[in-house]
Amino acid sequence: MAVYHGPVTIPAVDVGAVSVLVVEDAPEFQKLLEAVLVREGYETLVAADGESALEMVERHDPTVIVLDLGLPGIDGIEVCRRVRMISSAYVVMLTARDDEVDRLVGLAVGADDYMTKPFSGRELVARIQAMLRRPRTTAVASTDDHQRVIGDLRVDLLAREVRVGDQEIALTKLEFELLAALTGRPDMVFTRQMLLEQVWDTNWVGDDHVVDVHIANLRRKIDLDGRSHIKTVRGVGYRLAVEH
Ligand code: CA
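Computed from a predicted structure; not experimentally measured.

## A look at the environment of V66
Item 1. Counting through the fold element by element, V66 comes out in strand β3 (residues 64-68).
Item 2. Assessed through its relative accessible area of 0%, V66 is described here as buried.
Item 3. C-alpha of V66 to C-alpha of L21: the two residues are 45 residues apart in sequence and 6.1 Å apart in space.
Item 4. Beyond its immediate sequence surroundings of up to four residues, V66 is in contact with V20, L21, V22, V23, L33, V92, L94, L124 and I128.

Set out below in structure tokens:
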């Protein structure tokens, strides 16, 4: 993102009303995050533990919460669960390891995004801006929202029709449901387990590679133009390939 350093700042996104709560116990990292967000023009609040984070959420109702997983006292997962009961803030969870993201997404604690440390300030800001741009959507489409257009991909949930460019694509029921799930939250990373739950309607914990098989078939059908429409997120799962 271009940052304008002149006397009058014209931000790319109107950040005037956006407040961000940083929940992080490590002082150096907390300061770093705060500095990055303040520089971007966000009204920034800081909490060092879960208890005070929840108090701040109640009092200030922030737009975005940047939430570290490893906190003293109540951990980030529990904070996220409790936040979800009182706020519709966007939540980005920070983890120390890739496999923690996997576990977190599987727990479906209601975070909107996940980042593994270390990451750059620019990366965090980009994620926040991407979140703020997308409307909060649910997996269940309303009748007004049955047409999804993502790049050259069109999914009509009512007609159950999929097109890439001008070409209509014939999908199996499972392939269609997978694509419907992924396009329902274009910025979210789905674990195989989440897709099993949503598409196969099962909580079965076992060999989830059945998901990979159907994703591979789906890709073979929709990636006609040489463009990849579904991204593999290593160690986590899949997301739609959306350009920001
Ligand atoms: Ca920590």
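## Observations concerning the packing of helix α6 (residues 173-184) against helix α7 (residues 192-200)
Item 1. Here α6 crosses α7 at 120°, and the two axes come no closer than 10 Å. Judged by the inter-axis angle, α6 sits oblique to α7. Here α6 runs over α7; the crossing is right-handed. Residue-level inspection shows L174, E177, L178, A181 and L182 of α6 in contact with α7, the latter providing L195, Q198, V199 and W200.
Item 2. Each residue belonging to the contact of α6 with α7 can be placed in one class, and the counts come to 7 nonpolar, 1 polar and 1 charged.

## Some remarks on the packing of aromatic side chains
Item 1. In the structure shown here, the tally under the stated rule is 1 aromatic pair.
Item 2. Summarising the aromatic geometry, the rings of F29 and F119 are spaced 5.7 Å apart at their centres and angled 75° between planes, so their arrangement reads as edge-to-face. Of this pair, F29 sits in helix α1 (residues 27-39) while F119 sits in the loop between β5 (113-116) and α5 (121-133), and the two are 90 residues apart along the sequence.
Item 3. Its relative accessible area of 11% is what places F119 among the buried residues.

## Here we look at the coordination of the calcium ion
Six octahedrally arranged donors around a metal ideally form angles of 90 or 180 degrees; four tetrahedrally arranged donors ideally form angles of 109.5 degrees.
Item 1. Coordination of the calcium ion by the protein involves D25 (OD), D68 (OD) and G70 (O), with metal-donor separations of 2.1 to 2.4 Å.
Item 2. Binding-site remark: the calcium ion is held by donors from one chain whose sequence spacing is D-x42-D-x1-G.
Item 3. Under the relative-accessibility criterion, G70 is labelled partly exposed at 46%.

## Let's talk about unusual backbone geometry
Both trends apply: most residues other than glycine have a negative phi, and most peptide bonds are in trans.
Item 1. In this structure, the amide linkage connecting K117 to the following residue, P118, adopts the cis form with an omega of -5°.
Item 2. Even without being a glycine, D61 presents a positive backbone phi close to 45°.
Item 3. Looking at where D61 falls in the secondary structure, it is placed in the loop between α2 (50-60) and β3.
Item 4. At R160, a position not held by glycine, the phi torsion is positive, near 50°.
Item 5. With respect to the secondary-structure elements, R160 resides in the loop between β7 (153-156) and β8 (161-164).
Item 6. Assessed through its relative accessible area of 41%, R160 is described here as partly exposed.

## A word on the sheet that holds β3
Item 1. Spatially, 5 strands are ordered β2-β1-β3-β4-β5 in an open sheet, and the strand pairing comes out parallel. Of all the strands in the sheet, just β2 (43-47) and β5 have a single pairing partner and so form its edges. Taking each pair of neighbouring strands and ignoring which way they run, the sheet shows an average axis angle of 20°.
Item 2. Across 4 bridges, strand β1 (residues 19-23) lies against β3 in parallel orientation. Paired with L21 across the strands is I65, a residue of β3.
Item 3. Helix-sheet contacts for α1 involve β1, β2, β3 and β4 (90-95), and the interaxial angle to β2 is about 170°.
Item 4. Its contacts with the sheet put helix α3 (residues 76-86) on β3 and β4, and the angle it makes with β4 is roughly 175°.

## Thoughts on the sheet that holds strand β6 (residues 147-150)
Item 1. The strand order β6-β7-β8-β9 describes an open sheet built from 4 strands, whose pairing is antiparallel. Each edge of the sheet is formed by a strand with only one pairing partner; in this case those strands are β6 and β9 (167-169). Averaged over all pairs of adjacent strands, the angle between strand axes in this sheet comes to 20°, irrespective of strand direction.
Item 2. Against the sheet, α6 touches β6, β7 and β8, its axis set at about 110° to β7.

Scoring rules and cut-offs
- Residues numbered from 1 in each chain as written.
- Predicted model: local features only at pLDDT ≥ 70, side-chain atom pairs only at ≥ 80, totals over all residues.
- Heavy atoms only, no water.
- Helix = DSSP H or I, 4+ residues; strand = E, 2+ residues; numbered from the N terminus.
- Buried < 20%, exposed > 50% of the residue type's maximum accessible area, 1.4 Å probe, protein only.
- Contact = heavy atoms within 4.5 Å.
- Axes fitted to C-alpha atoms, helices over the stretch in contact; angles between N-to-C directions.
- Parallel < 35°, antiparallel > 145°, perpendicular 65-115°, else oblique.
- Left-handed = near helix turned anticlockwise from the far one by under 90°.
- Nonpolar A, V, L, I, M, F, W, Y, C, P; charged D, E, K, R; others polar.
- Phe/Tyr/Trp six-rings, centres within 6.5 Å; stacked < 30°, edge-to-face > 60°.
- Donors = N, O, S within 2.8 Å, 3.2 Å for Na, K, Ca; no water.
- Pairing = 2+ DSSP bridges.

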